[in-house]
Amino acid sequence: MPKVQPQPRRNLADEIVLQLRGKIISGAFKPGEALAEPVLAKYFGVSRAPVREAMIELERAGLVQFEASGRTRVRILEEKDIAEILETRIALESMGARLAAMRWTAEDSRWIEKSIAAQEKALTGAEFSRLDIAMHEHIMKRGGNERLVVLWQCVRWQFEMALAFIHRLQGEMAHDLRRFTVDWHWKVLEALSARKPEVAAKVMAQHITGSLEWSVPEAAEPPPAAAPLHRKSRSAKRMLGCF
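Quick caveat, the model's predicted, so the values are computed rather than measured.

Engineer: Looking at this model, I keep getting lost on the packing of aromatic side chains. Mind explaining?
Structural biologist: A full pass over the atoms with the stated rule returns one aromatic pair. Sitting above the plane of the Trp157 ring, Arg156 keeps its charged end 4.0 Å from the centroid. Taking the ring centre of Trp184 as reference, the NZ or CZ of Lys187 above it sits at 4.3 Å.

As structure tokens, then:
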């Protein structure tokens, strides 16, 4: 009689993290919105224990914050937070691009080309942000430095949440921001495909610096090549204050 293989144990907390993270990044749960454990437990049809475990994981990822009163809310990111996240990415991803260029293959180039093509067809800001970050993650992992990837992942979800929110608030201007991002992704790919580590590091830093300029009005102007196609909305500072 064949031996029955045990089914993998469901981790309810992980499943709840995936669903809540998606709702936070998509904007279904707004910045500052309260997340009540009893309500969520009833919604997911589970006890409060896995919900609490999921909240702790989301807090570590920087997506929610615990208040002294015991309440949990979707994290509110201020301009300073956005700037710090992007500055951290510049430091980590320029190194990641430098290492990736040393190991880059034709298969990597094909993967990135498909990713950029999907980005150009993305229908929503959340979808575009997911594809954008996935592409950067591929580059980071291709560098082969696991500790560098772990450090990058510490800010990954915060940036994806912020980026998706910026895309939503930009409204009609979001198309310009996406075009700007896609153009830079092609430049990053060109540098990586040429297997030039220092060039790849420089282009990646310029790309993210351009994102910083789009996100935080007070940031230094990016290099001319990174300038957006049109002027940003003057309400950018006010919008980011809503995080």
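Engineer: Quick question: what am I supposed to make of helix 6 (residues 125-142) here?
Structural biologist: An α-helical segment advances 3.6 residues per turn. Residues three or four places apart therefore align on the same side. A rise of 1.5 Å per residue sets the reference length of helix 6, with its 18 residues, at 26 Å; its end C-alpha atoms lie 26 Å apart and thus fit the reference within 8%. Within helix 6 the residues assigned to the buried category are Gly125, Phe128, Ser129, Leu131, Asp132, Ile133, Met135, His136, Glu137, His138, Ile139 and Met140. Where helix 6 starts, the residue carrying a side-chain oxygen 3.1 Å from the main-chain nitrogen of Glu127 turns out to be Thr124. Following helix 6 by one or two positions, Gly144 has its phi on the positive side, about 85 degrees.

Engineer: Help me understand the nonpolar core in this model?
Structural biologist: One broad rule of soluble globular proteins: the nonpolar side chains tend to lie buried together. In terms of nonpolar packing, the biggest core is built from 61 residues, with Leu20, Leu40, Ile139 and Leu192 touching the most fellow members. When residues in this core are grouped by element, the largest group, ten residues, is from helix 7 (residues 146-170). Excluding residues that lie within four positions of it along the chain, Leu20 makes contacts with Phe29, Leu40, Phe44, Met55 and Leu58.

Engineer: Just to check I follow, could you spell out the pattern of salt bridges for this structure?
Structural biologist: Side chains bearing opposite charge may pair, as long as their charged atoms lie close to each other. Under the counting rule described, the total for this entry stands at 13 salt bridges. One salt bridge connects Arg179 with Glu120, and the closest N-O pair in it is separated by 3.4 Å. Pair noted here: Arg179 is in helix 8 (residues 174-193) and Glu120 is in helix 5 (residues 106-121), with a separation of 59 residues, a long-range link. Arg156 is the salt-bridge partner of Glu137, the closest N and O atoms lying 3.0 Å from each other. On the criterion of sequence distance, the pair formed by Glu137 in helix 6 and Arg156 in helix 7 is long-range, its members being 19 residues apart. Both residues of the pair, Glu137 and Arg156, count as buried. Connected through shared salt-bridge partners, Glu137, Lys141, Arg156 and Glu160 make up one network.

Rules used throughout
- Residues numbered from 1 in each chain as written.
- Predicted model: local features only at pLDDT ≥ 70, side-chain atom pairs only at ≥ 80, totals over all residues.
- Heavy atoms only, no water.
- Phe/Tyr/Trp six-rings, centres within 6.5 Å; stacked < 30°, edge-to-face > 60°.
- Lys NZ or Arg CZ within 6 Å of the ring centre and 35° of its normal.
- Helix = DSSP H or I, 4+ residues; strand = E, 2+ residues; numbered from the N terminus.
- Expected span 1.5 Å × (residues − 1).
- Buried < 20%, exposed > 50% of the residue type's maximum accessible area, 1.4 Å probe, protein only.
- Polar contact = N/O pair within 3.5 Å; in protein donor to acceptor, adjacent residues only side chain to side chain.
- Core = buried A, V, L, I, M, F, W, Y, C linked by side-chain atoms within 4.5 Å.
- Contact = heavy atoms within 4.5 Å.
- Salt bridge = Lys/Arg side-chain N within 4 Å of Asp/Glu carboxyl O.

From the geometry alone we can't say anything about function, so treat these as descriptive.
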